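Here are the chains, one letter per residue:
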Amino acid sequence: MNILRTVTRVVVCLGVLSGTLFSALSVQAQTWKHPGIVVSQAQLDATRAAYQAGDPVVVDQVQKAMASNYGVLSYTVQGPWPGGINQCGSNSTPNNGCLMADNDSNAAYVQALLWYVTGNQTYANKAINIMNTYARNFRGYAGTNGLSCPSGTDCSNGPLQSGWDAEKWPRAAEIIRYGKTSGGAGSGWASSDITAFKNMLNNIYLPVIQNGSGVNGNWDMSMIDGVMQIAVFTENAAMLSQARTLWLGRVPDLFYLNSVDGGTHAPSPRGNPSWFGQSVFNSSTNNVGQETCRDLRHMEDSIASTIMTAETDWIQGGSLYTDAGSHAQERIVGSMNLMAGFESARTGGPDTTITAPSGFCTSSGATNIGKISVGPGTTYVIGYNHYHNRLGDPNMADGSGTSGQHGTGNVYRWIQNGLLPQSLTSDQGNHMTLFEALTHTAIPAAPGCQTVGATWTNSSFTGQTGTFTATFTATPSSNGINTVMGLSSGPQSAYTGLAAIVRFNPSGDIDAYNGTGYAAASTIPYSGGTTYTFEFDVNVAAQTYTVYVTPQGGTKTLVGLNYGFRTAAGTLNNFTVYAQVGANTVCGFTAAATTPVCQNVTASWNNTSFAAQTGTFTATFTAVPSANAINTVMGLSNGPQSAYTGLSAIVRFNPSGDIDAYNGTGYSAQSTIPYTGGTTYGFEFVVNVPAQNYSVYVTPSGGSQVLVGSNYAFRTTASTLNDLSSYAQVGSNNVCMLSVGN
């Protein structure tokens, strides 16, 4: 079995969902991607395609999942403990509902996976029933979150169990909430039940785990992973940031790196966890882990939680995997190879021992002085997939890598010879790593390209019935061609079948279809041989779409705002391309559900941070005034503001009913631009920070772009702009979809 080869040839559809800002004052806007917890939509789709194509590794893993304790169709929910309060002591004494919660959260995840891969609704129903049962009945763990611990008993493992649960519940819920079968059908999980489940995560689990733990590394990382997963499912940007910060603090103390740490391990950010008899820290013991000398079962728990947190972070646009400050990549890759090498040296099953190399586990505190107790070894695939398949790290090699204690091919060899042949039917570390090879063996195919001429070309994607974003690149063969790119319900062979359309038109410009004909917010010429990136922001329920184009090396430009569909459609699931004249090379199509990031601005200052800009840049957003003749400003500034005087570049819905902008000492406009309450307006700031001036444009819904002011002077000087500040003195204003770029 070869885990390395690309086993799918499918169009990659990256799930993207933008959520409401949790704290506009301190947290940068986060674009949420769903499904996006440990397993992305692209990874899920690749896995399903591989299973349907009969890939032997994936088929084997799916069959093992179906036969496991968690994947059988006869599974029935076990918990929670009567009364809704579980009690967990050290070493599972007492074990009142603890194993039940492990099994139920594992089963919810495995059943959710099997539904996505096979399309069998029974799996989805099982997962939904398990999650609904806990959302309705579970009150928490005794000794945590204000729940008392019965006198004379032990509740010490309640926080750890909370971390374990939080690593699995959101993973299952994410797939059931956002996943769709290959036919485009959802799971049927009711919105009221989703709300109840979110409340359980926020009110029962998050207060227990949100600050991590100083008890031990695996405790801390379990909680960090749980915080990360809850943050994504509930779209809590502050908690996402918290999880990232906690992770960066814990990684150096989990994985020793001699070249950085020197003669001892890095200090713990919380508590003072034992290193279990590991007292030698030098080049020979490089990459030893905090719990290696306890046993690899616990060490692999830490690895699993570390990797799952980083994987979710990567899906959500983060960079924990490669963080330079913590030397994350060197630490994790080195330790994975070291532990996988130990696993490969075993002659028995989990919890048997091997002789420790010189310098390892030499002191009191080790579980077995001079020996290492091996673990189940069920983790490693997700980390290998990222560092080898995605990044090509030479230290995470395939079979051509070196062997030995620090061999660069150790992880690969363990996966091939130890992990894949296993037939375990239950999870071994309470982190649900048992089927990593199911979800992370198939490699999503690189976004494909097609050169289209006078033949209608159709590519299907997962059906969308709400709001979603579709992106792709297109390169026209020459100037003055005539080619359309459209979204539709099912394959099409005529213009009249398309709903949302953008075009390289025969006049040499880019336009889009608005209900009854082609139009554009402004004149946008194109050049043959130049690559253009298109973005459709679609609202199927409203039968409208907004489209942007960005020329290679250029600035994102609005083509049309809230244009009406040409042909009504309740579902969009097909991308159609046709060139009547010339040819068009289209690449990298993606489509996935989205919800705009919005702020409803009233008489309180709202601030949204963005990446600091010190040169020339463009900022775009939409705004909907609540009524005619309100008074509200939207301005760019250096840091959060709470007064007009702190703003540099400002546009306004003024009390006279017009749109204007600030020019040095007062408001003005190039022309009279009236606005109407309830109408969406697209604003574009073109800013030159060194020159301390800006130009601003506005496009009404379905209309053409209008210049508000050209080269207007900043109201307040600023060498850096990094915040959008909004305030409504009269009325209110809904500001959405801030985008900043060069």
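Relevant structure appears above.
Heads up: these notes are all about the structure in this document. (Residues numbered from 1 in each chain as written. Predicted model: local features only at pLDDT ≥ 70, side-chain atom pairs only at ≥ 80, totals over all residues. Heavy atoms only, no water.)

All right, on to the overall build of the chain then. When its secondary structure is counted, the chain shows 15 helices and 31 strands. Over its C-alpha atoms the chain spans a radius of gyration of 28 Å, differing by no more than 12% from the 27 Å that the globule rule assigns to 742 residues. Dimensions along the principal axes, computed over C-alpha positions, put the chain at roughly 80 × 60 × 55 Å. Buried positions account for 58% of the 742 residues belonging to the chain. Considering only residue pairs separated by 6 or more positions, the chain has 73% of its internal contacts joining residues 24 or more positions apart. If you sum the accessible surface of the chain, you get close to 25,100 Å²; carbon and sulfur atoms cover 48% of it. Computed over 28 positive and 37 negative side-chain charges, the inter-centroid distance for the chain is 4 Å. (Helix = DSSP H or I, 4+ residues; strand = E, 2+ residues; numbered from the N terminus. Rg over C-alpha atoms; globule rule 2.2 N^0.38 Å. Buried < 20%, exposed > 50% of the residue type's maximum accessible area, 1.4 Å probe, protein only. Contact = heavy atoms within 4.5 Å. Areas by Shrake-Rupley, 256 points an atom, 1.4 Å probe, with all protein chains shown as cover. Lys, Arg positive; Asp, Glu negative; His and termini not counted. Charge placed at Lys NZ, Arg CZ, Asp CG, Glu CD.)

What follows deals with the nonpolar core. Of all hydrophobic cores here, the largest spans 121 residues; its most connected members are Met131, Trp169 and Phe197. Considering every element that reaches this core, the biggest residue donor is helix α3 (residues 98-118), with 12 residues. Apart from the residues within four sequence positions on either side, Met131 is in contact with Ala108, Trp169, Ala172, Ala173, Ile176, Trp189 and Phe197. (Core = buried A, V, L, I, M, F, W, Y, C linked by side-chain atoms within 4.5 Å.)

Pairing within the open sheet is antiparallel, and its six strands lie in the order β20-β31-β22-β27-β28-β29. Sheet topology places β20 (598-601) and β29 (706-713) at the edges, where each strand pairs with a single neighbour. Strand-to-strand twist of the sheet, defined as the mean angle between neighbouring strand axes without regard to direction, takes the value 20°. (Pairing = 2+ DSSP bridges. Axes fitted to C-alpha atoms, helices over the stretch in contact; angles between N-to-C directions.)

Turning our attention to the pattern of salt bridges. Going through the model one piece at a time under the given rule, you end up with 16 salt bridges. A salt bridge links Asp313 to Arg244; the nearest nitrogen and oxygen atoms lie 2.5 Å apart. Linking Asp313 in helix α11 (residues 296-315) with Arg244 in helix α9 (residues 237-254), this pair joins segments that are 69 residues apart in sequence. Residue classification places Asp313 among the buried residues on the basis of a relative accessible area of 0%. Ionic pairing is found between Asp261 and Arg331, a salt bridge with its closest N-O pair at 2.8 Å. Taken together, the positions of Asp261 in helix α10 (residues 258-261) and Arg331 in helix α12 (residues 328-344) put the pair 70 residues apart, joining distant regions of the chain. One salt-bridge network, in which partners are shared between bridges, spans Asp220, Arg250, Asp253 and Arg270. (Salt bridge = Lys/Arg side-chain N within 4 Å of Asp/Glu carboxyl O.)

So, on to the packing of helix α5 (residues 158-166) against helix α8 (residues 217-234). Where α5 meets α8, the axes come as close as 7 Å, and the angle between the chain directions of the two elements is 45°. Here α5 lies oblique to α8, going by the angle between them. Pair α5 / α8 crosses with left-handed handedness. Contacts between α5 and α8 involve Pro159, Leu160, Gly163, Trp164 and Ala166 on the former and, on the latter, Asn218, Trp219, Ser222, Met223, Gly226, Gln229 and Ile230. (Parallel < 35°, antiparallel > 145°, perpendicular 65-115°, else oblique. Left-handed = near helix turned anticlockwise from the far one by under 90°.)

Our focus in this paragraph is α11. Taking 1.5 Å of rise per residue, 20 residues should cover 28 Å, and α11 covers 28 Å from first to last C-alpha, within 8% of that figure. With respect to burial, α11 is a largely interior element, 18 of its 20 residues being buried. Sitting at the amino-terminal end of α11 is Asp295, which places a side-chain oxygen 3.2 Å from the backbone nitrogen of Arg297. Following α11 by one or two positions, Gly317 has its phi on the positive side, about 95°. (Expected span 1.5 Å × (residues − 1). Polar contact = N/O pair within 3.5 Å; in protein donor to acceptor, adjacent residues only side chain to side chain.)

Here the focus is the state of the cysteines. All chains considered together, the criterion is met by five disulfides. Here Cys449 pairs with Cys587 through a disulfide, and the sulfurs are 2.0 Å apart. Residues Cys449 and Cys587 are joined through a disulfide that is right-handed, its torsion about the S-S bond being 115°. Residue Cys449 is found in strand β8 (residues 449-452), and its partner Cys587 is found in strand β19 (residues 584-593); the two are separated by 138 residues along the sequence. Taking the relative accessible area as the measure of exposure, Cys449 reaches 52% and is therefore exposed. Residue Cys587 is classed as buried on the basis of its relative accessible area, which comes to 17%. (Disulfide = S-S within 2.5 Å.)

Within strand β12 (residues 498-504), seven of the seven residues are buried, which leaves the element mostly enclosed by the surrounding structure. In this structure, strand β11 (residues 482-488) lies alongside β12, joined through six bridges in antiparallel fashion. Note that in β12 the partner of Val484 across the bridge is Arg503. Pairing between β12 and strand β13 (residues 510-514): three bridges, direction antiparallel. Across the sheet, the residue bridging to Phe504 is Ile510, located in β13.

Attention now goes to α8. Between its terminal C-alpha atoms α8 stretches 26 Å, which fits the 26 Å expected from 18 residues at 1.5 Å a residue. Looking at the residues trailing α8, positive phi occurs at Glu235, about 55°.

With that out of the way, let us pick up the environment of Phe534. Within the secondary structure layout, Phe534 lies in strand β15 (residues 532-539). Classification of Phe534 as buried rests on a relative accessible area of 0%.

With respect to the element layout, Asn86 can be found in strand β3 (residues 85-88). Judged by its relative accessible area of 0%, Asn86 falls in the buried class. Residue contacts for Asn86: discarding those within four places in its chain leaves Pro80, Trp81, Asn96, Gly97, Cys98, Ala101, Phe138, Gly140, Tyr141 and Ala142.

What follows deals with the packing of aromatic side chains. Following the criterion strictly, the structure yields 43 aromatic pairs and no others. Arranged with centres 4.3 Å apart and planes meeting at 5°, the rings of Trp456 and Tyr578 form a pair that is stacked. Note that Trp456 is positioned in the loop between β8 and β9 (457-464) and Tyr578 in strand β18 (residues 572-581), a separation of 122 residues in sequence. For the pair Phe610 and Phe617, a centre-to-centre distance of 6.3 Å together with 45° between the ring planes defines the contact as tilted. Assigned by exposure class, Phe610 and Phe617 land together as buried. Across the ring face of Phe233, the terminal group of Arg177 is positioned such that the distance to the ring centre comes to 5.0 Å. We note Arg390 situated over the ring of Trp314; from NZ or CZ to the ring centre the distance is 3.6 Å. (Phe/Tyr/Trp six-rings, centres within 6.5 Å; stacked < 30°, edge-to-face > 60°. Lys NZ or Arg CZ within 6 Å of the ring centre and 35° of its normal.)

The interhelical angle for the contact between helix α6 (residues 169-178) and α8, taken along N-to-C directions, is 25°, at an axis separation of 9 Å. Taken together, α6 and α8 sit at an angle that is classed as roughly parallel. In terms of crossing hand, the pair formed by α6 and α8 is left-handed. Contact residues: α6 offers Pro170, Arg171, Ala173, Glu174 and Arg177, while α8 offers Gln229, Ile230, Val232 and Phe233.

With respect to the helices and strands, Gln290 occurs in the loop between α10 and α11. Within the structure, Gln290 has its side chain in polar contact with the side chain of Asn216 (distance 2.7 Å). A polar side-chain atom of Gln290 sits 3.1 Å from the main-chain amide nitrogen of Gly217. If we skip the residues at most four places from it in the chain, Gln290 touches Asn216, Gly217, Asp253, Leu254, Pro273, Ser274, Trp275, Phe276 and Met299.

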